[in-house]
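Commentary on secondary and tertiary structure
So the chains spell out like this:
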Amino acid sequence: MLKKLLFWPLLTVVSLTSAQSKKLYGMTFRGGIIDRGTLFEYDYNTNTNVKKIDFTGSNGTNPAGSLLQASNGKLYGMTEYGGSFNNGVLFEYDLATGVLTKKYEFPATASGRVPTGALIQLSSGKMYGVTSYGGTENKGTLFEYDPATNIYTKKADFNGTNGYRPKGSLMQASNGKLYGTASFGGNTDNGVLFEFDANTGILTKKVNFINITYGSQPVGALLQGTDGDLYGVTNDSGTEGWGTIYKYNITTNTVTKLYDFEYAYGTRSNGTLMQTPDGNLYGMTMYGGAHNQGVLYQFNPLTHLFTKKIDFYEIVSGSIPFGSLMMASNNKIYGMTYWGGNTSDGTLFEYDPGSNVLTKKYDFNNINNGRNPYQSYLIEVTVNNSLSVHDQESVNPADIYPNPVKEVLTISHIDKKLHNSPIQIIDGTGKILLQQVIRHEQEKINVSGLIPGMYYLKTEGNVNRKFIKE
């Protein structure tokens, strides 16, 4: 994300002479022409899946995470292995050209290797991520990558005391700090929750996970709920021994266990929770449920009510989901399973929270589109079908103000053709955070609940504008 400068001259309009469409992008851990993974595009309007990239070793192998759409419009991601040292790569994918470029190869050194999860971009424009191995004690690192200069910098080492083997993504909370988890280490070797200050470069262990008390082996990324607390899941322990849902208060530095997973209702969650506009949290487990193939569940953070919504089952829906869910702009939830489907290579599915219906949309089929998506989620991207993107066009700075904004963002001079259509605010990963219907030529959106950083304002009029939330 960009630095906090006078921002309006940098507003970007994606101006199209032909139609745009919204599509989902994701990756598979295996499959493709040499079974080392793929990057694919899924169009939920036409239900078509197109393989865009085969990972072949030189450009990376086995992506175990998700993509990020950066402030320059390009997609960034990582693979666990491949590259010259077979320790993973950080890559850039250009939507306009369809070209994947290897930007950094993780060496077998103290700088970190075997990256997992997704990258996060801050308002400085720099990206942050973690590796599972490497560092001074080979227990993982936290790193910074600057896409403007292509410079990689190790920022912190995991050493056991502050955790080791981080496998999820980082997130930025409302206080501007980055938070994440490591599956092992800490006082009890059951994992830790940590805080990283990008301004000072200091990593601080905040929580030691304790078996029954909180659960152990925290996984996935943390989610900041609308109440300001951070929500996450553990993969093990708790009262039943199958993992937990917990929350962390960044102000009081306290952890509260909210739910113990039970076999009949799903066990061993491996992804990140997501929150829908009604305030409910949704997630998936890998195992348990009616068929021991995982479940899709809903959790109310206010009442602590856990509701199993869907039992995953082989060909019908797919089985053993290792990743996370996302909500697209059509208000449907999308996710993937690792196994199952007609080919046993995994599935891509759609879930309607209103009707509680899950529909298998696509069966992964190895060479054609990849197989076994792992520790991943889909992101939504507005794609220009003519591949013609024009930046830095003349934009009236009064159209969107103030920018940067603290509380209320005003959008003026809205074309009447857009009335009764949605206007959305999304983050750099493609997640829709706020949405409302356009009724007038000027609309106001309360963004006070967003954490500081860069966001995108999108309409069906093919306008894509950036703004900074202070």
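Per chain, the residues get numbers from 1 upward, laid out in the order the sequence is written. Note on the predicted model: pLDDT of at least 70 is required for a residue's local features to be given, and 80 or more for side-chain atom pairs to be given and counted; whole-chain, interface and lining totals, by contrast, use all residues. Derived side-chain values reflect all non-hydrogen atoms in the structure, with water molecules and hydrogen atoms excluded from consideration.

1. Thoughts on the overall build of the protein chain
Operational definition: Labels follow the DSSP assignment, with helices taken as runs of H or I lasting at least four residues and strands as runs of E lasting at least two, numbered in each case from the N terminus. Every radius of gyration here is taken over C-alpha atoms, with the globule rule written as 2.2 Å times N^0.38, N being the number of residues. Between buried and exposed lies partly exposed: a residue is buried under 20% and exposed over 50% of the maximum accessible area for its type, with that area taken using a 1.4 Å probe on protein chains only. By definition in these notes, contact holds between two residues if any of their heavy atoms fall within 4.5 Å. In this description, accessible areas are obtained by the Shrake-Rupley approach with a 1.4 Å probe, and a residue is regarded as covered only by the protein chains that are shown. Positive charges are assigned to Lys and Arg, negative charges to Asp and Glu, while His and the chain termini are left out of the count. Charge positions come from single atoms, namely NZ of Lys, CZ of Arg, CG of Asp or CD of Glu.
Helices and strands together make up the secondary structure of the protein chain, namely 2 helices and 35 strands. Taking 2.2 N^0.38 as the reference for a compact globule, 470 residues should give roughly 23 Å; the C-alpha atoms of the protein chain span a radius of gyration of 21 Å, in line with that estimate. Projected onto the principal axes, the alpha-carbon positions of the protein chain cover approximately 55 × 50 × 50 Å. For the protein chain, the proportion of its 470 residues judged to be buried stands at 59%. Taking the intrachain contacts of the protein chain between residues at least 6 apart in sequence as the baseline, contacts between residues at least 24 apart amount to 48%. A total of about 17700 Å² of accessible surface is found on the protein chain, and carbon and sulfur atoms cover 49% of it. Of note, the protein chain has its 40 positive side-chain charges centred 3 Å away from the centre of its 39 negative side-chain charges.

2. Description of the nonpolar core
Going by this rule: To qualify as a nonpolar core, a set must consist of buried Ala, Val, Leu, Ile, Met, Phe, Trp, Tyr and Cys residues joined through side-chain atoms within 4.5 Å.
In terms of nonpolar packing, the biggest core is built from 17 residues, with Tyr25, Leu39, Leu67, Leu75, Phe91 and Tyr93 touching the most fellow members. Breaking this core down by element, the ones donating at least two residues are strand 1 (20–28), strand 6 (89–94) and strand 28 (379–384). Formed by 16 residues, the second largest nonpolar core is a distinct cluster that contains Ile400, Leu409, Leu450 and Leu457.

3. Looking at the side chain of threonine 131
Convention followed: Nitrogen and oxygen atoms within 3.5 Å of one another constitute a polar contact, given that in protein one can donate a hydrogen and the other can accept it, and given that sequence-neighbouring residues count only through two side-chain atoms.
Looking at the secondary structure, you find threonine 131 in strand 9 (residues 127–133). Side chain to side chain, threonine 131 and threonine 141 meet in a polar contact 2.8 Å long. Once residues within four sequence positions are removed from consideration, threonine 131 is found in contact with Phe106, Gly112, Arg113, Val114, Pro115, Gly140, Thr141, Phe143, Tyr152 and Pro166.

4. A short note on unusual backbone geometry
The linkage connecting tyrosine 401 with the following residue, proline 402, adopts the cis geometry, with an omega of -10 degrees. Positionally, proline 402 belongs in the loop between strand 29 (400–401) and strand 30 (408–411). Residue asparagine 403 is joined to proline 404 through a cis peptide bond whose omega torsion reads 10 degrees. Tracing the sequence through the fold places proline 404 in the loop between strand 29 and strand 30. Here aspartate 35, not a glycine, exhibits a phi torsion of approximately 65 degrees, which is positive.

5. Description of a nonpolar patch on the surface
Basically, it comes down to this: Residues with no salt bridge and a relative accessible area higher than 30% make up the patches, which join like charges within 9 Å and nonpolar side chains (Val, Leu, Ile, Met, Phe, Trp, Tyr) within 5 Å. For this document, the term salt bridge refers to a Lys or Arg side-chain nitrogen within 4 Å of an Asp or Glu carboxyl oxygen.
A cluster of nonpolar side chains, Ile33, Ile34 and Ile367, forms an exposed patch at the surface whose accessible area comes to about 280 Å². In this fold, isoleucine 33 is placed in the loop between strand 1 and strand 2 (38–43).

6. So, the environment of glycine 31
With respect to the helices and strands, the residue glycine 31 is situated in the loop between strand 1 and strand 2. What makes glycine 31 buried here is its relative accessible area of 0%. Residues glycine 31 and asparagine 372 lie 341 residues apart in sequence; the distance between their C-alpha atoms is 7.6 Å.

7. Re the pattern of salt bridges
Proximity of charged atoms lets side chains of opposite charge pair with each other. As enumerated under the stated definition, the model contains 16 salt bridges in all. A salt bridge links lysine 74 to aspartate 94; the nearest nitrogen and oxygen atoms lie 3.9 Å apart. Of this pair, lysine 74 sits in the loop between strand 4 (68–69) and strand 5 (75–79) while aspartate 94 is found in strand 6, placing the two residues 20 residues apart along the sequence. A relative accessible area of 17% means that aspartate 94 is categorised as buried. Ionic contacts of the salt-bridge type, sharing partners, join the residues Lys74, Glu92 and Asp94 into one network.

8. Re the pairing of strand 6
Condition: Here the rule is simple: two strands pair whenever DSSP picks up at least two bridges between them.
Burial of strand 6 is extensive: 6 of the 6 residues sit out of reach of the surface. Every second residue of strand 6 is oriented toward a common face, with Val89, Phe91 and Tyr93 on one face and Leu90, Glu92 and Asp94 on the other, all of them buried. Hairpin connection between strand 6 and strand 7 (residues 99–105): a loop of 4 residues separates the two successive antiparallel strands, and glycine 98 in this loop has a positive phi of roughly 75 degrees.

9. Remarks on the sheet that holds strand 16 (residues 216–224)
Filter applied, for reference: The convention used is that axes are lines fitted to C-alpha atoms, helices contributing only their stretch in contact, and that angles between N-to-C directions extend from 0 to 180 degrees.
Spatial ordering of the open sheet is given by 16-17-18-19, a layout of 4 strands whose pairing is antiparallel. Each edge of the open sheet is held by one strand with a lone partner, namely strand 16 and strand 19 (254–260). Here the strands of the sheet are splayed against their neighbours by 25 degrees on average, with no regard to which way each runs. Pairing of strand 18 (residues 244–249) with strand 19, which is carried by 6 bridges, proceeds in the antiparallel orientation. For lysine 247, the partnering residue across the bridge sits in strand 19 and is threonine 256.

10. A word on the sheet that holds strand 21 (residues 281–284)
The 4 strands are arranged 20-21-22-23 in an open sheet whose pairing can be described as antiparallel. Bordering the open sheet on either side are strand 20 (274–275) and strand 23 (306–311), each of which pairs with just one other strand. Alignment of strand 20 against strand 21, held across 2 bridges, turns out to be antiparallel. Each bridged residue has a counterpart across the sheet, and for glutamine 275 the counterpart in strand 21 is leucine 281.

11. Here's the deal with the packing of aromatic side chains
The cut-off we apply is this: Working definition: a ring pair exists when centres of Phe, Tyr or Trp rings (six-membered ring for Trp) sit within 6.5 Å. Plane angles under 30 degrees give stacked, over 60 give edge-to-face, the rest tilted.
Applying the stated criterion across every chain, the model contains 30 aromatic pairs. Centroid distance phenylalanine 40 to phenylalanine 364: 5.3 Å. Interplanar angle 65 degrees. Geometry classified as edge-to-face. A residue pair is termed long-range when its members are at least 10 positions apart, and phenylalanine 40 in strand 2 and phenylalanine 364 in the loop between strand 27 (357–363) and strand 28 qualify at 324 residues. Judged by relative accessible area, which is 0%, phenylalanine 40 ranks as buried.

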